[in-house]
Structure formats: structure tokens, C-alpha cells
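# Architecture at a glance
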Amino acid sequence: GRTIGHGALAGVAAGAAGAAVMYWLVEPSIRTAIAIEDAGSAPEPEAGGHSHMAEELVTRSEQVWFGLLTVLVVGVLIGIAFALTYRFLRGRLPGHDSVAGSAMALAGLGFVAFTLMPALAVPANPPAVGDPATVDLRTATYLGAIVGGIVLTVVVVAVARTRKLEPGMRALAATLVGIVGTAVVFWVLPDVADPIPADVPAQLIWNFRIASMAQLGVMWLVLGAVFAALHAPRPRPPAAPPADQPARWLRSAGARIR
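Report on the accompanying structure. This structure is a prediction, so every number in the text was calculated from the model and none was measured.

A tally of helices and strands in the protein chain yields seven helices and zero strands. For the protein chain, the α and β elements follow one another from N to C terminus as α-α-α-α-α-α-α. By residue count, 31% of the 258 residues in the protein chain fall in the buried class. At a minimum sequence separation of 6, the contacts of the protein chain that also span at least 24 residues come to 79%.

There is a patch of nonpolar side chains on the surface, built from Val12, Leu69, Leu72, Val73 and Leu77 and spanning about 410 Å² of accessible area. At four residues, helix 2 (residues 60–89) tops the list of elements feeding residues into the nonpolar patch. Tracing the backbone shows Leu77 in helix 2.

What follows deals with the packing of aromatic side chains. Counting across every chain of the model gives four aromatic pairs. Summarising the aromatic geometry, the rings of Phe82 and Phe227 are spaced 5.4 Å apart at their centres and angled 80 degrees between planes, so their arrangement reads as edge-to-face. One end of the pair, Phe82, is in helix 2; the other, Phe227, is in helix 6 (residues 202–231), with 145 residues separating them in the sequence. Of the two residues, Phe82 and Phe227, neither departs from the other in class, the shared state being buried. Taken together, the ring pairs in this structure connect Phe82, Tyr86 and Phe227 into an aromatic cluster.

Let's shift gears to the environment of Leu72. Counting through the fold element by element, Leu72 comes out in helix 2. The spacing of Leu72 and Ala14 is 58 residues in sequence and 7.7 Å in space, taken between C-alpha atoms. Not counting residues up to four positions away in its chain, the partners in contact with Leu72 are Val12, Gly15 and Ala16.

To continue, consider the packing of helix 3 (residues 99–121) against helix 6. At a minimum axis separation of 9 Å, helix 3 and helix 6 run at an interaxial angle of 160 degrees. Judged on the interaxial angle alone, helix 6 and helix 3 are roughly antiparallel. Along this stretch, helix 3 crosses helix 6, giving a crossing that reads as right-handed. Of helix 6, the residues touching helix 3 (which contributes Val99, Ala100, Ala103, Met104, Ala107, Gly110, Phe111, Phe114, Thr115, Leu116 and Ala119) are Met213, Leu216, Gly217, Trp220, Leu221, Gly224, Ala225, Phe227, Ala228 and His231.

What counts, and at which threshold
By convention here, each chain's residues receive numbers from 1 onward along its written sequence. Per-residue local features of the predicted model are confined to residues with pLDDT of at least 70, and side-chain atom pairs are confined, for both listing and counting, to 80 or more; whole-chain, interface and lining totals are unaffected and use all residues. Hydrogen atoms and water are omitted, and side-chain values are computed over all heavy atoms in the structure. In this text, helices come from DSSP runs of H or I with a minimum length of four residues, and strands from runs of E with a minimum of two, each type numbered from the N-terminal end. Buried means the residue's accessible area, taken with a 1.4 Å probe over protein chains only, is under 20% of the maximum for its type, while exposed means over 50%, and partly exposed covers the values in between. Contacts were defined at the residue level, with two residues in contact if any of their heavy atoms lie within 4.5 Å. Nonpolar side chains (Val, Leu, Ile, Met, Phe, Trp, Tyr) are joined into patches within 5 Å and like charges within 9 Å, using only residues with over 30% relative accessible area and no salt bridge. Methods summary: accessible areas were calculated by the Shrake-Rupley approach with a probe of 1.4 Å, and residue burial reflects only the protein chains presented. We define a salt bridge as a side-chain nitrogen of Lys or Arg found within 4 Å of a carboxyl oxygen belonging to Asp or Glu. Any pair of Phe, Tyr and Trp rings, taking the six-membered ring for Trp, is counted once the centres come within 6.5 Å. Such a pair is stacked with planes under 30 degrees apart, edge-to-face with planes over 60 apart, and tilted for the rest. To obtain an axis, a line is fitted to C-alpha atoms, over the contacting stretch when the element is a helix, and the angle between two such axes runs from 0 to 180 degrees between their N-to-C directions. Note on angle classes: values under 35 degrees are labelled roughly parallel, values over 145 roughly antiparallel, values of 65 to 115 roughly perpendicular, and the remainder oblique. Rotating anticlockwise by less than a right angle from the far helix to the near helix defines a left-handed crossing, while the corresponding clockwise rotation defines a right-handed one.

Such coordinate-based values are descriptive only and should not be taken to indicate function.
Shown next, in the form of C-alpha cells:
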């Protein structure tokens, strides 16, 4: 219960940090992309110069606040899963000699498996980019990249911890396994990159992808750091002397004097 509580609190902090990055960095790119998309799909004016737009069921502001709340809830769920994983795998994690080392190592491995690998396989795109016909394929590829990232992470950690190699060779072998394994994963996964429309600036795509990566990276960083701070062992205060210690000392001194 203590471990799960620390994970949930760390998840709240990570979700709040991710929501802040989303609002300040990701949301401006989304607004720009939506404006471009709306301009390209604007209805032609009817006779008399009037046009009828479908009434919005959910305003953009409501979408933003719902998205921020979702990030916070997802942060809590990831924090709980992070805490349980840490509870059962701490002894096998890099840096397991300290809570901070093992927690940050687990956060780094989670970033690689659940964020970096799928982001490289299926780059994030703003609303104005993406063919609806390829949604299923992109989703399957994204999940496949996560599975491949998890398997590759486990293998790299196992190689780095093996006792059959010298410490220097372990790091070299783990690095080679990571590079070769990454190449294999991307070779197996299909290419699902959608063409970028001509009216969408390349800078907008770049800003959105960097901001999305920064949001998830900040969440993993805050999750690991806050969990380590909460879960670190607290120094115990020195035990107070017994209440009758002065009286016992006086009796002992009196006996020696007599």
C-alpha cells in the first residue's frame, strides 16, 4: 500500500507536469493545425453570401480542459503501474543499490519502451495531418513498437546484468544488442508515414512532434524523481534513553562510593 500510494502521488505530479507542457507547448501547434484544417474544409457560401456551419457539440476550450484532465488521470494510472513494477523488479534494475538510481533507471527504460520507440515508428502528427484510412494500421504499428520496445529493453537489461561477461564487455554487448535490436524492430514494422499536405508548414509538424516528445519525457522524468523522493528510506531518530536512566546512574554511583 505504501508503494502504491507513492506511485499514485508521483503520478499526480507527473500528470500535472505533463498537462502544463501540453497546455504551453503542444496546444499552440494543435490550434494552428486546426485552423489550417478548417480553412481547407470551409463550406462554399450559398446564394446571398450565407453559409451554414454545423454547430459545435464540444467547444475547443472544453476539449482542451478534458485533455488536460485526461493527462492527469493517465499520469496517476501510470504511476500506480510504475510503483508495482518497481516493487517486483527493483533488485533487477540498474542502479538497484539506491532508490533514486533504480527509480530513475526504471523511468528511463519506460521512456524508451513506451515513448521513444513508438514515436520513432509512428511519428506524432497534428490534426491536419493523417489519412483516416490508415488509422487501424498506424494503431497496430504503434502497439507493435511498444511490444518490441519492451522486449528489447528486457533483453538489453539482461545482457547488461549477465555474469558471463566482464563489466566493460557487458556495457559494450548491451549497446550492440540495443542498436541491432532497434534496427530489427524498425525493419519488421511497416512504414505508416502519411504524406504531409502542401498547406501544412513543415515547421508546424516539427514543433508538434518535439513538443509531444517533451511532454511525455517530462512526465517520465517527474514520475521517477518524485517516486524516488517519496520512497527513499527516512533516517530514524536516535532512540530516547529510558526514563529511569538518571536514577539508575545515581544508584550505581552510590554503590561504587560505598
